[in-house]
Amino acid sequence: MQVFNATLTPGGDVEALASVQSRLIAGDIAVVPNFVDPAQCEKIITDTIGWAARTENCAVDTSIDTPSGNWFRRDVNPEKSAVKRVLQTHDFGDIPALNTPMRTSLGAVFDRMARLQAAVSGVPARVGAAHDGHSLHPQIIHYPQGGGYFGRHTHPLEPQRIGLIVSLSERGVAFQTGSTVYYDAQDNAVDLDDWQTAGSVTLFRYDIPHAVTEVDGSAQLAFEQPTGRWVAIMPFH
(Lines give C-alpha, C1' and ligand atoms only; values in the text may rest on other atoms or scores of the structure.)
Protein backbone atom coordinates (compact mmCIF):
# COMPACT_ATOMS: atom_id res chain seq x y z
CA MET A 1 0.00 0.00 0.00
CA GLN A 2 1.38 3.38 -1.05
CA VAL A 3 0.07 6.91 -0.63
CA PHE A 4 0.32 9.19 -3.66
CA ASN A 5 -0.84 12.62 -4.77
CA ALA A 6 -3.45 12.84 -7.50
CA THR A 7 -4.15 16.06 -9.38
CA LEU A 8 -7.17 17.62 -11.03
CA THR A 9 -7.36 19.75 -14.14
CA PRO A 10 -8.71 23.31 -13.84
CA GLY A 11 -12.03 21.88 -15.03
CA GLY A 12 -12.09 19.37 -12.17
CA ASP A 13 -11.24 16.25 -14.16
CA VAL A 14 -8.80 13.68 -12.77
CA GLU A 15 -5.45 13.73 -14.49
CA ALA A 16 -4.24 10.27 -15.57
CA LEU A 17 -7.66 8.87 -14.57
CA ALA A 18 -7.00 5.28 -15.68
CA SER A 19 -3.77 5.13 -13.66
CA VAL A 20 -5.46 6.60 -10.56
CA GLN A 21 -8.34 4.11 -10.84
CA SER A 22 -5.94 1.20 -11.22
CA ARG A 23 -3.88 2.18 -8.20
CA LEU A 24 -6.95 2.72 -6.01
CA ILE A 25 -8.44 -0.67 -6.87
CA ALA A 26 -5.03 -2.24 -6.20
CA GLY A 27 -5.13 -0.80 -2.67
CA ASP A 28 -3.10 2.40 -2.85
CA ILE A 29 -4.37 5.63 -1.26
CA ALA A 30 -4.67 8.87 -3.25
CA VAL A 31 -4.71 12.38 -1.80
CA VAL A 32 -5.76 15.42 -3.83
CA PRO A 33 -4.47 18.58 -2.10
CA ASN A 34 -6.41 21.85 -2.26
CA PHE A 35 -9.65 20.17 -3.30
CA VAL A 36 -11.60 22.70 -1.22
CA ASP A 37 -10.49 26.22 -0.32
CA PRO A 38 -9.51 26.38 3.39
CA ALA A 39 -11.72 29.45 3.90
CA GLN A 40 -14.68 27.44 2.61
CA CYS A 41 -13.75 24.64 5.02
CA GLU A 42 -13.86 27.07 7.94
CA LYS A 43 -17.26 28.37 6.83
CA ILE A 44 -18.69 24.85 6.61
CA ILE A 45 -17.49 24.09 10.15
CA THR A 46 -18.98 27.33 11.51
CA ASP A 47 -22.29 26.80 9.68
CA THR A 48 -22.50 23.18 10.83
CA ILE A 49 -21.94 24.11 14.48
CA GLY A 50 -24.68 26.74 14.28
CA TRP A 51 -27.08 24.35 12.57
CA ALA A 52 -26.44 21.59 15.14
CA ALA A 53 -27.13 24.01 18.01
CA ARG A 54 -30.63 24.47 16.58
CA THR A 55 -31.20 20.78 15.85
CA GLU A 56 -32.42 18.09 18.24
CA ASN A 57 -29.97 15.26 18.87
CA CYS A 58 -31.14 12.15 17.00
CA ALA A 59 -31.69 9.24 19.41
CA VAL A 60 -30.86 6.43 16.94
CA ASP A 61 -28.14 4.28 18.48
CA THR A 62 -26.53 2.82 15.37
CA SER A 63 -25.42 4.09 11.97
CA ILE A 64 -27.38 1.36 10.18
CA ASP A 65 -30.95 2.53 10.84
CA THR A 66 -30.95 6.28 10.31
CA PRO A 67 -33.78 8.70 9.59
CA SER A 68 -34.21 10.61 6.36
CA GLY A 69 -33.77 14.33 5.95
CA ASN A 70 -31.26 16.41 7.89
CA TRP A 71 -30.26 15.23 11.35
CA PHE A 72 -27.56 15.43 13.98
CA ARG A 73 -26.28 12.73 16.35
CA ARG A 74 -23.65 12.63 19.07
CA ASP A 75 -22.07 9.21 19.67
CA VAL A 76 -20.09 8.36 22.79
CA ASN A 77 -19.36 4.64 22.38
CA PRO A 78 -23.00 3.69 21.58
CA GLU A 79 -23.97 0.36 23.15
CA LYS A 80 -25.60 -1.16 20.06
CA SER A 81 -22.80 -0.32 17.68
CA ALA A 82 -20.26 -2.99 16.78
CA VAL A 83 -17.65 -0.29 16.17
CA LYS A 84 -17.02 2.02 19.10
CA ARG A 85 -16.60 5.71 18.46
CA VAL A 86 -16.71 9.19 19.92
CA LEU A 87 -17.89 11.64 17.27
CA GLN A 88 -20.69 13.81 15.96
CA THR A 89 -22.53 13.00 12.74
CA HIS A 90 -24.33 15.72 10.77
CA ASP A 91 -26.29 13.99 8.00
CA PHE A 92 -27.62 16.20 5.22
CA GLY A 93 -30.05 14.03 3.29
CA ASP A 94 -32.10 17.07 2.27
CA ILE A 95 -29.68 19.86 1.38
CA PRO A 96 -32.39 21.90 -0.44
CA ALA A 97 -34.21 22.27 2.91
CA LEU A 98 -31.28 24.13 4.49
CA ASN A 99 -31.05 27.92 4.62
CA THR A 100 -29.57 29.54 1.54
CA PRO A 101 -25.96 30.19 2.72
CA MET A 102 -25.54 26.67 4.12
CA ARG A 103 -27.32 25.08 1.16
CA THR A 104 -24.92 26.86 -1.18
CA SER A 105 -21.69 26.06 0.66
CA LEU A 106 -22.52 22.42 1.45
CA GLY A 107 -24.12 21.77 -1.92
CA ALA A 108 -21.05 22.95 -3.80
CA VAL A 109 -18.67 20.72 -1.85
CA PHE A 110 -20.81 17.58 -1.93
CA ASP A 111 -21.64 17.99 -5.63
CA ARG A 112 -17.93 18.24 -6.35
CA MET A 113 -17.26 15.18 -4.20
CA ALA A 114 -19.95 13.25 -6.09
CA ARG A 115 -18.42 14.14 -9.46
CA LEU A 116 -14.99 13.01 -8.28
CA GLN A 117 -16.33 9.77 -6.86
CA ALA A 118 -18.27 9.00 -10.04
CA ALA A 119 -15.11 9.57 -12.08
CA VAL A 120 -12.86 7.29 -10.06
CA SER A 121 -15.43 4.60 -9.18
CA GLY A 122 -17.47 4.45 -12.39
CA VAL A 123 -20.69 4.61 -10.34
CA PRO A 124 -22.74 7.57 -11.70
CA ALA A 125 -24.31 8.59 -8.38
CA ARG A 126 -25.50 12.15 -7.73
CA VAL A 127 -26.46 13.97 -4.54
CA GLY A 128 -30.21 13.89 -4.07
CA ALA A 129 -30.87 11.16 -6.66
CA ALA A 130 -31.13 7.39 -6.11
CA HIS A 131 -29.06 5.02 -8.22
CA ASP A 132 -29.90 1.31 -8.33
CA GLY A 133 -31.77 1.63 -5.04
CA HIS A 134 -28.90 3.39 -3.27
CA SER A 135 -28.33 7.04 -2.44
CA LEU A 136 -25.47 9.22 -1.29
CA HIS A 137 -25.59 10.48 2.32
CA PRO A 138 -23.65 13.75 2.62
CA GLN A 139 -22.21 13.98 6.12
CA ILE A 140 -20.01 16.29 8.16
CA ILE A 141 -18.24 14.31 10.90
CA HIS A 142 -16.59 15.90 13.93
CA TYR A 143 -14.02 14.05 16.03
CA PRO A 144 -13.74 16.41 19.01
CA GLN A 145 -10.67 17.21 21.03
CA GLY A 146 -10.69 15.20 24.21
CA GLY A 147 -10.88 11.74 22.69
CA GLY A 148 -12.78 11.74 19.41
CA TYR A 149 -12.05 8.56 17.46
CA PHE A 150 -13.55 5.81 15.28
CA GLY A 151 -12.51 2.20 15.87
CA ARG A 152 -11.13 0.00 13.13
CA HIS A 153 -13.82 -0.97 10.63
CA THR A 154 -14.43 -1.77 6.98
CA HIS A 155 -17.21 -1.43 4.41
CA PRO A 156 -18.44 -3.62 1.55
CA LEU A 157 -16.72 -2.77 -1.72
CA GLU A 158 -20.02 -2.43 -3.59
CA PRO A 159 -21.81 -0.28 -4.44
CA GLN A 160 -19.49 2.55 -3.39
CA ARG A 161 -16.15 1.11 -4.57
CA ILE A 162 -14.19 4.26 -3.68
CA GLY A 163 -14.49 6.24 -0.44
CA LEU A 164 -13.78 9.97 -0.16
CA ILE A 165 -12.72 11.91 2.94
CA VAL A 166 -12.42 15.69 2.68
CA SER A 167 -10.37 17.17 5.53
CA LEU A 168 -12.03 20.37 6.73
CA SER A 169 -9.59 21.01 9.59
CA GLU A 170 -5.88 20.44 9.91
CA ARG A 171 -3.61 18.71 12.40
CA GLY A 172 -1.31 21.18 14.10
CA VAL A 173 -3.93 23.91 13.82
CA ALA A 174 -7.34 22.70 15.04
CA PHE A 175 -5.95 19.61 16.81
CA GLN A 176 -2.58 18.04 17.56
CA THR A 177 -3.04 14.26 17.39
CA GLY A 178 -5.37 11.95 15.49
CA SER A 179 -5.56 10.88 11.85
CA THR A 180 -6.90 8.26 9.46
CA VAL A 181 -5.04 4.95 9.52
CA TYR A 182 -5.39 2.30 6.80
CA TYR A 183 -4.33 -1.36 7.09
CA ASP A 184 -2.79 -3.28 4.21
CA ALA A 185 -3.08 -6.99 3.43
CA GLN A 186 -0.27 -7.76 5.90
CA ASP A 187 -2.07 -5.72 8.59
CA ASN A 188 0.55 -2.99 8.50
CA ALA A 189 -0.81 0.42 9.47
CA VAL A 190 -0.39 3.34 7.07
CA ASP A 191 -0.95 6.66 8.85
CA LEU A 192 -2.01 9.66 6.77
CA ASP A 193 -1.18 12.28 9.41
CA ASP A 194 1.27 14.10 7.11
CA TRP A 195 -1.02 14.02 4.06
CA GLN A 196 -4.45 15.22 5.17
CA THR A 197 -4.32 19.02 5.21
CA ALA A 198 -7.31 21.35 5.33
CA GLY A 199 -9.10 21.16 1.98
CA SER A 200 -7.48 17.91 0.81
CA VAL A 201 -9.51 14.88 -0.22
CA THR A 202 -8.41 11.29 0.38
CA LEU A 203 -9.56 8.51 -1.94
CA PHE A 204 -9.38 4.83 -1.04
CA ARG A 205 -10.77 1.46 -2.00
CA TYR A 206 -13.88 1.24 0.17
CA ASP A 207 -13.25 -2.21 1.65
CA ILE A 208 -9.80 -1.40 3.04
CA PRO A 209 -9.85 -1.60 6.86
CA HIS A 210 -9.34 1.82 8.44
CA ALA A 211 -9.73 3.75 11.67
CA VAL A 212 -9.52 7.26 13.07
CA THR A 213 -7.04 7.47 15.94
CA GLU A 214 -7.77 9.42 19.11
CA VAL A 215 -7.91 13.20 18.72
CA ASP A 216 -6.08 15.05 21.52
CA GLY A 217 -7.00 12.52 24.21
CA SER A 218 -5.50 14.55 27.04
CA ALA A 219 -7.63 17.62 26.32
CA GLN A 220 -11.08 18.36 27.72
CA LEU A 221 -13.89 16.88 25.61
CA ALA A 222 -15.08 19.72 23.37
CA PHE A 223 -18.12 18.74 21.29
CA GLU A 224 -19.37 22.32 20.84
CA GLN A 225 -16.06 23.78 19.66
CA PRO A 226 -14.65 24.31 16.15
CA THR A 227 -11.48 22.55 17.30
CA GLY A 228 -10.90 18.87 16.62
CA ARG A 229 -10.93 16.91 13.41
CA TRP A 230 -13.71 17.79 10.95
CA VAL A 231 -14.29 15.86 7.71
CA ALA A 232 -16.85 15.62 4.93
CA ILE A 233 -17.78 12.13 3.73
CA MET A 234 -20.51 10.70 1.55
CA PRO A 235 -21.43 7.04 2.20
CA PHE A 236 -23.54 5.37 -0.49
CA HIS A 237 -26.20 3.02 0.85
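Attention here is on the structure that accompanies the text. (Residues numbered from 1 in each chain as written. Predicted model: local features only at pLDDT ≥ 70, side-chain atom pairs only at ≥ 80, totals over all residues. Heavy atoms only, no water.)

### Description of the overall build of the protein
Next up, step 1: Of regular secondary structure, the protein possesses 3 helices and 12 strands.
Next up, step 2: In terms of overall dimensions, the protein is globule-like: its C-alpha atoms have a radius of gyration of 17 Å, near the 18 Å expected for 237 residues.
Next up, step 3: Looking at the 237 residues of the protein, the share that counts as buried comes to 48%.
Next up, step 4: Within the protein, residue pairs in contact and separated by at least 24 positions form 77% of the contacts whose partners lie at least 6 positions apart.
Next up, step 5: Surface accessibility of the protein: about 10,800 Å² in total, with carbon and sulfur atoms responsible for 50%.
Next up, step 6: Between the averaged position of the 17 positive side-chain charges in the protein and that of its 26 negative side-chain charges there is a distance of 4 Å. (Helix = DSSP H or I, 4+ residues; strand = E, 2+ residues; numbered from the N terminus. Rg over C-alpha atoms; globule rule 2.2 N^0.38 Å. Buried < 20%, exposed > 50% of the residue type's maximum accessible area, 1.4 Å probe, protein only. Contact = heavy atoms within 4.5 Å. Areas by Shrake-Rupley, 256 points an atom, 1.4 Å probe, with all protein chains shown as cover. Lys, Arg positive; Asp, Glu negative; His and termini not counted. Charge placed at Lys NZ, Arg CZ, Asp CG, Glu CD.)

### Some details on the packing of aromatic side chains
Next up, step 1: Taken as a whole and judged by the stated rule, the model has 3 aromatic pairs.
Next up, step 2: With a centroid separation of 4.8 Å and an interplanar angle of 55 degrees, the aromatic rings of tryptophan 51 and phenylalanine 92 are classed as tilted. Of this pair, tryptophan 51 sits in helix H2 (residues 38-53) while phenylalanine 92 sits in strand E4 (residues 85-92), and the two are 41 residues apart along the sequence.
Next up, step 3: The class for phenylalanine 92 is buried, based on a relative accessible area of 1%.
Next up, step 4: Relative to phenylalanine 204, the ring of tyrosine 182 lies with its centre 5.0 Å away and its plane at 50 degrees, an arrangement referred to as tilted. (Phe/Tyr/Trp six-rings, centres within 6.5 Å; stacked < 30°, edge-to-face > 60°.)

### Describing H2
Next up, step 1: If you check H2, its first and last C-alpha atoms are 23 Å apart, about what 16 residues at 1.5 Å a residue would give, namely 22 Å.
Next up, step 2: The complete set of buried residues in H2 reads Cys41, Ile44, Ile45, Thr48, Trp51 and Ala52. Each buried residue of H2 sits inside an arc of 135 degrees when the element is viewed along its axis, so together they form one side. Turned more than 90 degrees from where H2 packs its buried face, Ala39, Glu42, Thr46 and Ala53 sit exposed. (Expected span 1.5 Å × (residues − 1). Arc of directions from axis to C-beta.)

### Quick look at the packing of H2 against helix H3 (residues 100-121)
Next up, step 1: Following both chains from N to C, one finds H2 and H3 inclined at 130 degrees, their axes separated by 10 Å at the closest point. With respect to their mutual orientation, H2 and H3 come out oblique. Handedness of the H2/H3 crossing: left-handed. Residue-level contacts link Gln40, Lys43, Ile44, Asp47, Thr48 and Trp51 of H2 to Pro101, Met102, Ser105, Leu106, Ala108 and Val109 of H3.
Next up, step 2: Classifying every residue of the contact of H2 with H3 gives 7 nonpolar, 3 polar and 2 charged. (Axes fitted to C-alpha atoms, helices over the stretch in contact; angles between N-to-C directions. Parallel < 35°, antiparallel > 145°, perpendicular 65-115°, else oblique. Left-handed = near helix turned anticlockwise from the far one by under 90°. Nonpolar A, V, L, I, M, F, W, Y, C, P; charged D, E, K, R; others polar.)

### Focus: the environment of aspartate 193
Next up, step 1: Along the chain, aspartate 193 turns up in the loop between strand E9 (189-191) and strand E10 (201-205).
Next up, step 2: In this structure, the C-alpha to C-alpha distance between aspartate 193 and valine 173, residues 20 residues apart in sequence, is 13 Å.
Next up, step 3: Residues contacting aspartate 193, with those up to four places away along its chain left out, are Arg171 and Ser179.

### A few points about the pattern of salt bridges
Next up, step 1: Counted according to the given criterion, the structure contains 9 salt bridges.
Next up, step 2: The residue aspartate 28 makes a salt bridge to arginine 23 at a minimum N-O spacing of 3.1 Å.
Next up, step 3: Overall, the relative accessible area of 13% leaves aspartate 28 in the buried class.
Next up, step 4: Aspartate 75 is the salt-bridge partner of arginine 73, the closest N and O atoms lying 2.8 Å from each other.
Next up, step 5: Note on arginine 73: relative accessible area 2%, which makes it buried. (Salt bridge = Lys/Arg side-chain N within 4 Å of Asp/Glu carboxyl O.)

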